[in-house]
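Breakdown of the fold
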Amino acid sequence: MIRKLAAVLAASLPLGWAVRRLARFEIAEESMSPALQPGDCVLAVRRPRRLRTGDVVVFEHPERPAFTLVKRVTQLAAGTVATGGDNRARTNDVGPIPVDDVEARVVAIYWPPRRAGAVPR
């Protein structure tokens, strides 16, 4: 498991990145199922320099301060990001958010060990 996670991180992060750029989050709900399940613990890169459609990102809910969401980027346009959950039956659309509001980009699942590895695109 450790080798698998180390390989994912080495492929995801350029050499020389400080550990302080990484953040940990726990998935609480099913809106990103099956890619991310409740109880999964993930590593994310803070303040990502680049986003692409298909990335999984972390941001604060625009209407509920201190409520953090984890969603997939569905569209990028003119400084905004449209997001959505993978589980269409369990997701709420919050509309486009400013790119600057994205706190982090999820790169790997580290817990539970049987699910450790890269976040599915």
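Provided above is the structure to which this section pertains.
Residues numbered from 1 in each chain as written. Predicted model: local features only at pLDDT ≥ 70, side-chain atom pairs only at ≥ 80, totals over all residues. Heavy atoms only, no water.

Okay, a negative patch on the surface next. Together, Glu60, Asp100, Asp101 and Glu103 give the surface a local cluster of negative charge. Relative to the helices and strands, Asp100 resides in the loop between β6 (97-98) and β7 (102-111). For Asp100, a relative accessible area of 74% gives the class exposed. (Patch = residues over 30% accessible without salt bridge, like charges linked within 9 Å, V, L, I, M, F, W, Y side chains within 5 Å. Areas by Shrake-Rupley, 256 points an atom, 1.4 Å probe, with all protein chains shown as cover. Salt bridge = Lys/Arg side-chain N within 4 Å of Asp/Glu carboxyl O. Lys, Arg positive; Asp, Glu negative; His and termini not counted. Charge placed at Lys NZ, Arg CZ, Asp CG, Glu CD. Helix = DSSP H or I, 4+ residues; strand = E, 2+ residues; numbered from the N terminus. Buried < 20%, exposed > 50% of the residue type's maximum accessible area, 1.4 Å probe, protein only.)

Moving on, we get to the pairing of strand β3 (residues 56-60). Of all five residues making up β3, four are buried, and the element is well covered by its neighbours. The sheet contact formed by β3 and strand β4 (residues 68-77) spans five bridges and is antiparallel. For Val56, the partnering residue across the bridge sits in β4 and is Arg72. Inspection of the sheet shows β3 paired to β7 by four bridges, in the antiparallel sense. Residue pairing in the sheet places Val57 in a bridge with Arg105 of β7. (Pairing = 2+ DSSP bridges.)

So, about the pattern of salt bridges. Summed over the entire model, instances satisfying the criterion amount to three salt bridges. The residue Arg72 makes a salt bridge to Asp86 at a minimum N-O spacing of 2.8 Å. Separated by 14 residues along the polypeptide, Arg72 in strand β4 and Asp86 in the loop between β5 (80-84) and β6 bring together distant segments of the chain. Look at Arg72 and you get buried, because its relative accessible area is 11%.

Glancing now at the packing of aromatic side chains. As enumerated under the stated definition, the model contains zero aromatic pairs in all. Between the NZ or CZ atom of Arg64 and the centre of the ring of Phe67, over which it lies, the distance is 3.9 Å. (Phe/Tyr/Trp six-rings, centres within 6.5 Å; stacked < 30°, edge-to-face > 60°. Lys NZ or Arg CZ within 6 Å of the ring centre and 35° of its normal.)

Now for the nonpolar core. Residues Ile27, Met32, Leu36, Val42, Ala44, Val56, Val58, Val70, Ala104, Val106, Ile109 and Val119 constitute the largest nonpolar core, which totals twelve residues. Breaking this core down by element, the ones donating at least two residues are β2 (41-46), β3 and β7. Beyond its immediate chain neighbours, meaning those up to four positions away, Val58 contacts Phe25, Thr68, Leu69, Val70, Asp101, Val102, Glu103, Ala104 and Val106. Leu51, Phe59, Leu69 and Val81 belong to the second largest nonpolar core, which has eight residues in total. (Core = buried A, V, L, I, M, F, W, Y, C linked by side-chain atoms within 4.5 Å. Contact = heavy atoms within 4.5 Å.)

So, about the side chain of Arg21. Turning to its location among the elements, Arg21 is positioned in the loop between α1 (2-12) and β1 (22-26). Among the polar contacts made by the side chain of Arg21, one reaches the main-chain carbonyl oxygen of Arg47 at a distance of 3.0 Å. (Polar contact = N/O pair within 3.5 Å; in protein donor to acceptor, adjacent residues only side chain to side chain.)

Here we come to the side chain of Asn87. In this structure, Asn87 sits in the loop between β5 and β6. Take Asn87: its relative accessible area is 18%, and that puts it in the buried class. In this view, Asn87 contacts Glu30, Ser31 and Ser33; residues no more than four positions away in its chain are not counted.

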